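Chain by chain, the residues run as shown.
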Amino acid sequence: MKTGEQIKQGYHEQAEAIAAQLGQLHARSRGFVTGEIASFLGFVAFIAFITISDTELLKLAEGLLAAAMAVLYIVIRNKDVKNSERITEAEQRQQVYKNEVAALSGNFSSFDDGERYIDPHHPFTFDMDIFGKDSLYQRINRTVTTRGADRLAECLSRVDIHKNAREIDDYRNAINTLAAEDDTDWRIRFISSGVSTKIETNAILLSLPELQRIVIPGILHGKGIKILACILSAGAFVSIIAAVYRLVSPMLPITWILVNFFLVAGMAGKYLNAMLAVGNRLHNEMQPLMRVVRLITAMDRDGIRNIEILARDVNTLREAADSFEILTDIVETLILRTNDAYKFFADAFCLRGFFLVEKFSHWRTLASANLTQWIEAVSEMDMLVSMAQMRYNHPEAGAATIKSEEEVTILYEANGLWHPFLGTKAVRNDFTIRDGNFYIITGANMAGKSTFLRAIGVNYILAMNGMPVFAEHLCVSCFKLFSSMRTSDDLSHGVSYFNAELKRLEQLLDYIKQPTLLILDEILKGTNSLDKLNGSRLFLHAIAHKPVAGLIATHDLELSKMEQENTRFHNWCFEIALETNVAYPYKITQGVARNQNATFLLEKILNGQRP
């Protein structure tokens, strides 16, 4: 297994290799541009020669050469377009590799931080730094669709999103399968689909009701309208040829072409305009979405087929691929029709509007009812790819063992646990939480209490979603989670800090209907010491009879005496060493902290020393 540094170096090497590839592609692009200019000038030159040539044979030869130049221009232009697409894709992949190098160096600014999901009233996400700058969400998120981003946020906001331990294991297997070394290039290509701009799958879903409301009358779909369009189109071209050879009046092809155009406008214009109104919103989404669907449906190996979640999504999208192709083609053609010249020639000569309406009607009948299901399959795969990329990037992380509800209510058994944000510098701790027990954690400021509480919470959230956990061993059962660590006042609504604390505790009491782990940092810190102590004792005695276990960090050493009154209360601490400077071991041990650092550090400041 590669180390984190080896993975980082691999990303860097890939970015450098793509840079060399881009150099070749850009050189080829310059060659294509030169060829386009030369072939175009050749076409113009031969057309000019035709006008001054004396013999019919020479004119014929020059005409053929002009036609050859036109064909050559088209061929070169097509190759140039494809080369430009390769450049764009290569640049996107290079950016993904650069972003991953930055992430493994501690810079996550390239990724969506999920600030829009921040909710100070959520049971735990606000306290656990799940959303916002440098949050857990930002560190994991590689989603390429808006719905995939929402799905990831939903997973990180819930510890009960999966029904049971077996379902969690299924998702972990899916994540581990997608995180395979052999699939690294595939993941990078997937992530590159949204590295510039996320695919607005939510906009596609919002457009679905509008698409379903566009009901095409029977006369405009079926074989009849296709046959009529083919006859009228053929008639237009035949009349033009006949007019050239003076077999009919020149007014006939003109009249025929205008009749074709206004026939399409009169019979199908209303429906084409309604389709265009939706197509304008989908234009920038369908091509990248189709690229993602192709990547997903191309996955075909035993590891994928043997994982039920992955096999289900891949098979669902294989069924959807043709439908997405049709919808993409419809949208692209609708956008072309915004050009009046294209619309006139397409309808006047080929009655393209009839064919487009008929194609939409066929798509709507067969596919629109399944579009939501297909988007959800894309979104789930999108979310899983982000989780898999995290799994791959952190080989040092482990896998949690999930106990079923039948085996135990609340269990949290960790060895070598650390907070994922701290990286290699983290101090690892062992700790066990059992149902109905409360763990009072004392310690000085900056000793590590709050970070430890968040390490407990964040790793549990990861475990409940089948993601890697930052522990040498972690065994947990399925339970709810509630924290109170970062209460703040709201003066604009007349809510003081103390009142906000009371509201949070009231929310906690309403929340604990099922087995719940409580993570509390300084209960009632908005009041005086004695009142805080008495209130904390009262609150802990009250909730001790509910289906909970709890971690309570405090500076109040008097609260630790509850261990002597009730065997369900246990004292743990983060001790510090006061020497010339303060030493912070960041190791949790049993007992009550004795050393405090506030006075010690203040004396150093007053004496003009650095604390």
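Remember, it's a predicted structure, so these values are computed and weren't measured experimentally.

The rules behind each value
- Residues numbered from 1 in each chain as written.
- Predicted model: local features only at pLDDT ≥ 70, side-chain atom pairs only at ≥ 80, totals over all residues.
- Heavy atoms only, no water.
- Domains from an automatic or database assignment.
- Pairing = 2+ DSSP bridges.
- Helix = DSSP H or I, 4+ residues; strand = E, 2+ residues; numbered from the N terminus.
- Axes fitted to C-alpha atoms, helices over the stretch in contact; angles between N-to-C directions.
- Contact = heavy atoms within 4.5 Å.
- UniProt positions renumbered as here; feature names shortened; annotations may be inferred.

Draft legend 1. A look at the domain arrangement of the protein. The domain boundaries assigned to the protein delineate domain 1 (1-107), domain 2 (201-393) and domain 3 (400-607). Each of domain 2 and domain 3 was reduced to a C-alpha centroid, and the two centroids are 57 Å apart.

Draft legend 2. Focus on the sheet that holds strand 8 (residues 548-554). Here we have 6 strands laid out as an open sheet, ordered 6-7-8-4-9-12, and mixed in their pairing. Of all strands in the sheet, those bounded by a partner on one side alone are strand 6 (480-484) and strand 12 (588-590). Sheet twist, expressed as the mean angle between neighbouring strand axes with direction ignored, is 20 degrees. Pairing between strand 6 and strand 7 (residues 516-521): 5 bridges, direction parallel. Bridging across to strand 7, Lys480 finds its partner in Thr516. Contacts between helix 15 (residues 449-464) and the sheet are confined to strand 4 (438-443), strand 6, strand 7, strand 8, strand 9 (569-574) and strand 12, with strand 7 contributing the most and set at about 155 degrees to the helix. In the packing of helix 17 (residues 529-543) onto the sheet, the strands contacted are strand 4, strand 7, strand 8 and strand 9, and the crossing angle to strand 8 comes to about 165 degrees.

Draft legend 3. Layout of the UniProt feature "transmembrane region" (unreviewed entry) in the protein. With numbering aligned to this structure, UniProt lists the feature "transmembrane region" (unreviewed entry) at residues 31-52, 58-76, 227-248 and 254-272. Along residues 31-52, the helical share is 100% and the strand share 0%, with 32 Å between the first and last C-alpha atoms. This span, residues 227-248, is 82% helix and 0% strand, and a straight line between its end C-alpha atoms measures 25 Å.

Draft legend 4. Up close: the side chain of Asp347. Mapped onto the elements, Asp347 comes out in helix 12 (residues 340-350). Excluding its chain neighbours within four sequence positions, the residues that come into contact with Asp347 are Asn260, Phe261, Val264, Arg337, Arg352 and Gly353.

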